[in-house]
Amino acid sequence: MSSLWQGEVVANTAVGPDIYHLRLRTALPGPRPGQFVHLRCGSSWDPLLRRPLSIHDYNPARQELELLYQVVGRGTAWLAGRRPGDFLDGLGPLGRGFTLPPGPRVALVAGGLGIAPLFFLARVAAAGGYQVTLYVGARSRDGLLRLETLQGLAVEVQRATDDGSAGFAGPVTSLLARHLEYKQYDGIFACGPRAMLAEVAKLAGQRGIPAEVSLEERMACGLGACRGCVVALYGEDGSIAYENVCSAGPVFPAEKIVW
Amino acid sequence: MVKPRMEVELAGLRLQNPVMPASGTFGFGEEYEGYLDLNSLGAIVTKSVTLEPTPGNPPPRVAETPAGLLNSIGLQNPGLEVFLREKMPFLRQLRPPVIVNIAGRTLEEYVELARRLDGVDGVAALEVNISCPNVKEGGLAFGSSPEQAARLIRAVRRVTTLPIIAKLSPNVTDVVAVAKGVEAAGADAVSLINTLQGMAVDLERRRPVLGNISGGLSGPAVKPVALYCVWRVAREVMIPVIGMGGIMTATDALEFLLAGARAVAVGTANLVNPRAMAEIIAGLEAYLLQHNIEDVNQIIGALEV
């Protein structure tokens, strides 16, 4: 059962160019990696809609929700102005999260802000005994988000930057492709720009590795009612139908998506 | 002071209060079950049901505008058969009357939908969508002229004994003429307004934001337009009016009732706050109590001009 809540801002700090790390005190009923919360980003009707934000982490003992977001418009600009002690109106956790495979070796592939849900997945997978390799890509070194926190996780971190300022020089998917030549994975999980996800889907498909991707789409209700946030998916019989990102996703098996 | 009377009578239906969802913003009810007591609503209005399954429009389907929302869903729904088999069992065990919204591509499809819904257990009324701006065939094509609208309602009237609510568009030269047309054709009520046609542009990509290019505008941005349409129509027809368009709060709902709406529908607000209707119903009651108004009917159409 999903819920509506008021969460108190504990911290809301810049961690990259226009990127903020928000900590909120709120009791959530067992959020899972890949799920999201739907936040009001304003105190009036303008901006009107909630903003869906992936759960970056959740600590049940402290009842603390962590979110990572980029200021891209008026809603997130408002959010960046919230201070400790302010309260935010939230809905969730919503949607379907990632499903870890039976095998122990998993690759997580994050492009830019795609690290937001994959950090949570990496932590949970590592705690569950998985051998986790986390591929993080960005345009430049300062876009590799929360690196110091990542290094605190029991996961192998592989970095890639387009300009070569840190780690592998080139797209994170090229780094993944090289590693797939000799490394074995039982599952791949990705979040990032759509072109990157399509490339991950292709690489995983070629090697027969099950892959899941987390999608983003313009969203209204978040509850599966309005059918505003759909993505085209292949059905069992090869037919194509629109499914809600909010309720059927945001995480989907990569091979079901019509890229 | 005793609790104020909240019941209203509408097209032969007795509603425990005048608040219902606007079609398309509330799915088939079940999506909102965890957020508010569905049995506390005045009525339930379903998403549009079409004869065959409708895939809907390519994404993006929603775009936020200043205090507004553009959508181009395109009536995505599983079709009548699946609706009857999978959605009606849940809906019919609810206490409020269930109003099924129907949409067709042709007059014949509307007639077939009405014929097959007539006598279905748990269906209390039909809302005939002649105002959807997001489909190429049907929808607004029927709602934009008084003659076409009347012809359609007359045809539907012949095949059903259920109350008929005609849902009207503001994208017309004279909404009063359309309302009078459907009244003469046998509609038991009118509901208005459906969304206003609009578009949004993505400057970076030099493309429309919506996959369908245009969409329908709703939310607080359209409220003044909706209020004026409701006020004009309510003065000119004898049948009751369900008012909607940007109702977010009890204050908004009260304004529509004053302007002559017998009941109100809440749409975009449900997408922002899933408890919106519960809060609006509580707010209406609180207002009546505070102002010593014993019966909500006393404020309906009570606008002084």
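No experiment lies behind these values; they were computed from the predicted model shown. (Residues numbered from 1 in each chain as written. Chains lettered and ligands numbered in written order. Predicted model: local features only at pLDDT ≥ 70, side-chain atom pairs only at ≥ 80, totals over all residues. Heavy atoms only, no water.)

**Some details on empty space enclosed by the protein**
Residue and element names in this part refer to chain B. Selection criterion: Within this scheme a cavity is a closed region of a 1 Å grid, computed over the protein atoms alone, that accommodates a 1.4 Å probe without allowing it to escape, whereas a pocket is open but has protein on both sides within 12 Å along at least five of seven lines; lining residues each have an atom within 4 Å of a point. Grid points are joined across faces, edges and corners, and a volume is the space filled by probe spheres set on the points. A run of DSSP states H or I qualifies as a helix once it reaches four residues; a run of E qualifies as a strand once it reaches two. Both are numbered from the N-terminal end. Residues were grouped as follows: Ala, Val, Leu, Ile, Met, Phe, Trp, Tyr, Cys and Pro as nonpolar; Asp, Glu, Lys and Arg as charged; and all remaining residues, including Gly, as polar.
Applying the stated criterion across every chain yields a total of one cavity of 30 Å³ or more. By volume, the largest cavity is sized at about 510 Å³. Along its surface, the largest cavity is lined by 36 residues, and Ser 23, Thr 25, Asn 71, Asn 194 and Thr 195 are the ones closest to its centre. Going through the elements one at a time, strand S6 (68-71), strand S14 (214-218), strand S16 (263-266) and helix H8 (268-272) are the ones with two or more residues in the lining of the largest cavity. Sort the elements by how many residues they give to the lining of the largest cavity and S14 lands first, with three residues. Partitioned by chemical class, the residues of the lining of the largest cavity number 16 nonpolar, 18 polar and two charged.

**Some thoughts on the side chain of Ser 131 of chain B**
Residue and element names in this part refer to chain B. Definition in use: Any pair of nitrogen or oxygen atoms within 3.5 Å is treated as a polar contact; in protein, a donor-acceptor pairing is required on top of that, and neighbouring residues in sequence qualify only through side-chain atoms on both sides. When checking whether two residues touch, look at their non-hydrogen atoms; a contact exists if any pair is within 4.5 Å.
In this fold, Ser 131 is placed in the loop between strand S8 (123-129) and helix H3 (140-143). Reaching out from Ser 131, the side chain makes a polar contact with the side chain of Asn 194 at a distance of 2.9 Å. When residues no more than four places from it in sequence are discounted, the contact partners of Ser 131 are Gly 139, Leu 140, Lys 167, Leu 168, Ser 169 and Asn 194.

**A short note on the side chain of Asn 77 of chain B**
All names here are of chain B. Convention followed: Buried residues are those whose accessible area, probed at 1.4 Å on protein chains only, stays under 20% of the maximum for their type, while exposed residues exceed 50% and partly exposed ones sit between those limits.
Topologically, Asn 77 is positioned in the loop between S6 and helix H1 (80-92). Judged by relative accessible area, which is 4%, Asn 77 ranks as buried. At a separation of 2.8 Å, a polar atom in the side chain of Asn 77 contacts the main-chain carbonyl oxygen of Leu 75.

**A look at the environment of Leu 203 of chain A**
Residues and elements named next belong to chain A. Secondary-structure assignment places Leu 203 in helix H5 (residues 194-207). Residue classification places Leu 203 among the buried residues on the basis of a relative accessible area of 5%. For the pair formed by Leu 203 and Thr 173, sequence separation is 30 residues and the distance between their alpha carbons is 8.5 Å.

**Concerning the environment of Thr 25 of chain B**
Relative to the assigned elements, Thr 25 of chain B resides in the loop between strand S3 (19-21) and strand S4 (44-45). With 241 residues separating them in the primary sequence, Thr 25 of chain B and Val 266 of chain B have C-alpha atoms 8.3 Å apart. Contacts of Thr 25 of chain B, omitting those with residues within four sequence positions, involve Ala 225 of chain A together with Tyr 32, Val 266, Gly 267, Thr 268, Asn 270 and Leu 271 of chain B.

**Notes on the packing of aromatic side chains**
So the rule is basically this: Put simply, two rings from Phe, Tyr or Trp (the six-membered ring, in Trp's case) pair if the centres are within 6.5 Å, and we call them stacked under 30 degrees between planes, edge-to-face over 60, tilted for the rest. A ring is considered to have a charge above it if a Lys NZ or an Arg CZ atom is located within 6 Å of its centre and within 35 degrees of its normal.
Inspection of the entire model under this criterion finds seven aromatic pairs over all chains. Here Tyr 20 of chain A and Tyr 69 of chain A contribute two aromatic rings whose centre-to-centre distance is 5.6 Å and whose plane-to-plane angle is 15°, an arrangement assigned as stacked. With a gap of 49 residues between them, Tyr 20 of chain A in strand S2 (residues 19-25) and Tyr 69 of chain A in strand S5 (residues 64-70) connect regions that are remote in the sequence. As far as burial versus exposure is concerned, Tyr 20 of chain A and Tyr 69 of chain A are alike and both buried. Between Phe 26 of chain B and Tyr 32 of chain B the ring centres are 4.4 Å apart and the planes differ by 20°, which places this aromatic pair in the stacked class. The pair formed by Phe 26 of chain B and Tyr 32 of chain B is uniform in burial state, with each residue classed as buried. Sitting above the plane of the Phe 119 of chain A ring, Arg 146 of chain A keeps its charged end 5.3 Å from the centroid.

**Thoughts on the sheet that holds strand S10 (residues 189-192) of chain B**
Residues and elements named next belong to chain B. Rule in force here: Note on pairing: two strands pair once DSSP finds at least 2 bridges between them.
Here we have eight strands laid out as an open sheet, ordered S3-S16-S15-S10-S9-S8-S7-S4, and parallel in their pairing. Looking at the sheet topology across the chains shown, the edges are occupied by S3 and S4. As paired elements, S8 and strand S9 (residues 164-167) share four bridges and run parallel to each other. What sits directly across from Glu 127, in S9, is Ile 165.

**Let's talk about unusual backbone geometry**
Trans peptide bonds make up the majority, and among non-glycine residues the majority have a negative phi. Of the consecutive residues Gly 249 of chain A and Pro 250 of chain A, the connecting peptide bond is found in the cis state with omega at 10°. As for its placement among the helices and strands, Pro 250 of chain A is situated in the loop between strand S14 (240-244) and strand S15 (251-253). In this model, Leu 192 of chain B is joined to Ile 193 of chain B through a cis peptide bond whose omega is 15°. Tracing the backbone through its elements, the reader meets Ile 193 of chain B in the loop between S10 and strand S11 (196-199). A positive phi angle, near 60°, is found at Asp 18 of chain A, a position not held by glycine. With respect to the secondary-structure elements, Asp 18 of chain A resides in the loop between strand S1 (4-16) and S2. Residue Asp 18 of chain A is classed as partly exposed on the basis of its relative accessible area of 47%. Non-glycine residue Leu 75 of chain B carries a positive phi angle of around 60°. With respect to the helices, strands and loops of the structure, Leu 75 of chain B is situated in the loop between S6 and H1.

**So, the domain arrangement of chain A**
Residue and element names in this part refer to chain A. Here is the rule: Here the bounds of each domain stem from an automatic or database domain assignment. Computed with a 1.4 Å rolling probe, the buried area is the accessible surface lost when two parts are put together, summed over both parts.
Looking at chain A, the domain boundaries give domain 1 (4-94), domain 2 (98-214) and domain 3 (217-259). Each of domain 2 and domain 3 has a C-alpha centre, and the two are 23 Å apart. The interface of domain 2 with domain 3 comprises nine residues on the first partner and ten residues on the second. Both faces considered, domain 2 and domain 3 share a buried interface measuring about 760 Å² in area, 65% of it formed by carbon and sulfur atoms. Inspection of the region where domain 2 meets domain 3 yields two residue pairs in polar contact (both at pLDDT 80 or more). Going through the elements one at a time, H5 and strand S12 (211-214) are the ones with two or more residues in the side of domain 2 that touches domain 3.

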